[in-house]
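Report on the structure
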Amino acid sequence: MSVITLRVTDDKHERIKNLAVSRGVSVNKLIDEAMTLMIAKYDIETRFKARAAKSDINAGVALLDKVLEKREAYDKALDDALTK
């Protein structure tokens, strides 16, 4: 396991702490969840670009559908986090 030092404004830190409390998780867990979502999005985009480069249109369209599903899940998770 690694340690990351993150610099944020005092206001943002306070908002992150409030969000974590409202979700019942630690700030560390909240940021870990956000990073997991970002990594998943990046991985999907990378696979899409690789398949698109191979000109496999059907595979690209199928992957684009997955991107849309992941984006919708990401948006829902973000909405849920902000409304708790």
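Everything here concerns the structure above.
Parameters at a glance
Residues numbered from 1 in each chain as written. Predicted model: local features only at pLDDT ≥ 70, side-chain atom pairs only at ≥ 80, totals over all residues. Heavy atoms only, no water. Helix = DSSP H or I, 4+ residues; strand = E, 2+ residues; numbered from the N terminus. Axes fitted to C-alpha atoms, helices over the stretch in contact; angles between N-to-C directions. Parallel < 35°, antiparallel > 145°, perpendicular 65-115°, else oblique. Left-handed = near helix turned anticlockwise from the far one by under 90°. Contact = heavy atoms within 4.5 Å. Nonpolar A, V, L, I, M, F, W, Y, C, P; charged D, E, K, R; others polar. Patch = residues over 30% accessible without salt bridge, like charges linked within 9 Å, V, L, I, M, F, W, Y side chains within 5 Å. Areas by Shrake-Rupley, 256 points an atom, 1.4 Å probe, with all protein chains shown as cover. Salt bridge = Lys/Arg side-chain N within 4 Å of Asp/Glu carboxyl O.

With respect to the environment of Ser2
Along the polypeptide, Ser2 turns up in the segment before α1 (10–23). Separated by 67 residues in sequence, Ser2 and Glu69 place their C-alpha atoms 30 Å apart.

Thoughts on the packing of helix α2 (residues 27–53) against helix α3 (residues 57–83)
α3 packs onto α2 with a crossing angle of 165° between their chain directions and a minimal axis gap of 9 Å. Our classification of the angle between α2 and α3 gives roughly antiparallel. The hand of the α2/α3 crossing is left-handed. Of α3, the residues touching α2 (which contributes Leu37, Lys41, Ile44, Arg47, Phe48 and Arg51) are Ala59, Gly60, Leu63, Leu64, Val67, Lys70, Arg71, Tyr74 and Ala77. For the contact of α2 with α3, the residue count by class is 9 nonpolar, 1 polar and 5 charged.

What about a nonpolar patch on the surface?
Where nonpolar side chains cluster on the molecular surface, the patch consists of Ile4, Leu6, Val8, Met35 and Ile39 and spans about 470 Å² of accessible area. Considering the arrangement of structural elements, one finds Leu6 in the segment before α1.

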